[in-house]
Amino acid sequence: MQRLDKYLSDAGVGSRRELKELLRAGSVTVNGIVVQDGAAKLDEAADVVCLRGERVEGLRRVVLLLYKPAGLVTSTDDPRDRTVMDILPERWKKQKVAPVGRLDKATEGLLLLTNDGILAHRLISPKYRIEKDYYAEHEGEAGPEDAAAFRAGLVLSDGTRCLPAKLEPLGPGKSRVTVVEGKYHQVRRMLASRQMPVTYLRRDREGGLTLAGLKPGEVRELTAEEIAALDRVTGMPNAAR
Ligand code: URA
């Protein structure tokens, strides 16, 4: 149960003052009946709230999986570039989702977005060891010494220490890299540190999630089961066991 004014405010339909006015003016209905008292209690799962006849969706926990195309920046707002938010359907923008971590402008692939800040933080944190797989095209060819250096934990040119990672050579100029952290330009810098500058990078997997069924630019909402699995692997306090 939730207060009507809180529900409307979370849905971002107006400031506190505006909401008071709208309620007083009789512009808000719950299940078709005008309600003027902001303190009225709602059952968010069952009650239908409308403002001037239009349905107001309350905030609910949402996790989205976007196949990020190259050319967009991973940010909620940018003065110059188009962002990943620009290609999200309006109904999800209203849920106030934000990207989980960051893919570079030139990088494609799997990007999660959520309005659950705690889950986002845990998915990024190396503490929970969530694996991220990248397919990279690069100059040169990776060999067993490179794989061993990744396993041991690379030290980048500025002294940054990386956690042990996996490098799987896929033939000349192609590799799969698996990391459990997300430092700035990490995979590009890791490969560059072994004289293999990256020409193309795509994230294919994060934890148990992949890009299967999506084309670049497409997005889908995770199912309750997929969210429950993320909750389990990140030890979220509400995780179902
Ligand atoms: N590593 C990078 O270098 N770039 C990305 O976008 C993601 C991981």
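What you see is a predicted model, and the numbers here were worked out from it, not measured in a lab.

1. Overview of the overall build of the protein
Then comes step 1: A tally of regular secondary structure across the protein gives seven helices and 15 strands.
Then comes step 2: Over its C-alpha trace the protein gives a radius of gyration of 22 Å, far above what one expects of a compact globule, namely 18 Å for 241 residues.
Then comes step 3: Projected onto its principal axes, the C-alpha positions of the protein cover 70 × 45 × 35 Å.
Then comes step 4: Expressed as a percentage of its 241 residues, the buried residues of the protein come to 46%.
Then comes step 5: Here the contacts in the protein between residues at least 6 apart in sequence split such that 66% fall between residues at least 24 apart.
Then comes step 6: Carbon and sulfur atoms make up 50% of the accessible area of the protein, which amounts to about 12,900 Å² in all.
Then comes step 7: Charged side chains of the protein number 40 positive and 35 negative; the gap between the two group centres comes to 3 Å.

2. Re the site of the ligand
Then comes step 1: As a matter of local geometry, the ligand sits amid Leu103, Asp104, Thr107, Tyr134, His185, Gln186, Val187, Arg188 and Leu201.
Then comes step 2: In terms of residue count, helix H6 (residues 186–192) provides more of the shell around the ligand than any other element does, three residues in total.
Then comes step 3: Here the residues of the shell around the ligand sort into four nonpolar, three polar and two charged.
Then comes step 4: Counting residues domain by domain, the shell around the ligand receives three or more from each of domain 2 (63–126 + 207–233) and domain 3 (131–206).

3. As for the sheet that holds strand E5 (residues 49–51)
Then comes step 1: Across the sheet, four strands lie side by side as E3-E2-E5-E6; this open sheet has antiparallel pairing. What marks the edges here is a single partner per strand, and that holds for strand E3 (33–34) and strand E6 (54–55).
Then comes step 2: Note: E5 against E6, two bridges, orientation antiparallel. Bridging from a neighbouring strand, cysteine 50 pairs with arginine 55 of E6.

4. Brief notes about the pairing of strand E9 (residues 108–114)
Then comes step 1: The element E9 is largely enclosed, with a buried count of seven among its seven residues.
Then comes step 2: When strand E7 (residues 63–68) meets E9, the two strands line up antiparallel, connected through six bridges. Counterpart to tyrosine 67 in the pairing with E9 is leucine 110.
Then comes step 3: Here two bridges tie strand E8 (residues 98–99) to E9, and the two strands are oriented antiparallel to one another. The residue of E9 that forms the bridge with proline 99 is leucine 113.
Then comes step 4: Taken together, the two bridges between E9 and strand E13 (residues 198–206) define a ladder with parallel strand orientation. Residue glutamate 108 lies in a different strand from E13, and its bridge partner there is arginine 202.

5. Let's talk about helix H2 (residues 16–24)
Then comes step 1: For H2, the full list of buried residues reads Leu19, Leu22 and Leu23. In an axial view of H2, the angular spread of the buried residues amounts to 100°, which keeps them on one side of the axis. Turned more than 90 degrees away from the buried face of H2 sit Arg17, Lys20 and Arg24, all of them exposed.
Then comes step 2: Its buried side turned inward, H2 meets helix H1 (4–10), strand E2 (28–30) and E5.
Then comes step 3: Just downstream of H2, glycine 26 is the residue with a positive phi angle, here 80°.

6. Things to note about helix H7 (residues 224–233)
Then comes step 1: Of all the residues in H7, the buried ones are Ile227, Ala228, Leu230 and Asp231. Burial along H7 is one-sided: seen end-on, the buried residues are contained in an arc of 160°.
Then comes step 2: Considering only its buried residues, H7 is in contact with E7, E9, helix H4 (117–124) and strand E14 (209–210).
Then comes step 3: After H7 finishes, the residue glycine 235 shows a positive phi value of roughly 60°.

7. So, unusual backbone geometry
Then comes step 1: Phi is positive for arginine 129, close to 55°, though the residue is something other than glycine.
Then comes step 2: Note that arginine 129 resides in the loop between H4 and strand E10 (132–138).
Then comes step 3: Its identity as a non-glycine residue notwithstanding, histidine 185 has a phi of 50°, on the positive side.
Then comes step 4: Note that histidine 185 resides in the loop between strand E12 (174–179) and H6.

Conventions we followed
- The numbering scheme is per chain: residues are counted from 1 as the chain's sequence reads.
- Totals for whole chains, interfaces and linings use all residues, but because this is a predicted model, local features are given only for residues with pLDDT of at least 70 and pairs of side-chain atoms are given and counted only at 80 or more.
- In computing side-chain properties, one takes all heavy atoms of the structure into account and sets aside hydrogens as well as water.
- The helix and strand labels rest on DSSP assignments: H or I over at least four residues marks a helix, E over at least two residues marks a strand, and numbering proceeds from the N terminus.
- Based on C-alpha atoms, the radius of gyration is set beside the globule rule, defined as 2.2 Å times the residue count to the power 0.38.
- When accessible area is computed with a 1.4 Å probe and restricted to protein chains, residues below 20% of their type maximum are described as buried, those above 50% as exposed, and intermediate ones as partly exposed.
- Any two residues having at least one pair of non-hydrogen atoms within 4.5 Å are treated as being in contact.
- What sets the accessible areas is the Shrake-Rupley method with a 1.4 Å probe; for residues, cover comes only from the shown protein chains.
- Only four residue types enter the tally: Lys and Arg on the positive side, Asp and Glu on the negative side, with His and both chain ends excluded.
- Taken as the charge centre is NZ of Lys, CZ of Arg, CG of Asp or CD of Glu, depending on the residue.
- Note on definitions. A residue lies near a molecule or strand when any single heavy atom of the residue is within 4 Å of it.
- Here the nonpolar group is Ala, Val, Leu, Ile, Met, Phe, Trp, Tyr, Cys and Pro; Asp, Glu, Lys and Arg are the charged ones; every other residue, Gly included, is treated as polar.
- Residue ranges assigned to each domain were obtained from an automatic or database domain assignment.
- Pairing between strands requires that DSSP locate at least two bridges from one strand to the other.
- Arc definition: it is the arc formed by the directions from the helix axis to the C-beta atoms.

Keep in mind these numbers describe shape, not what the thing actually does.
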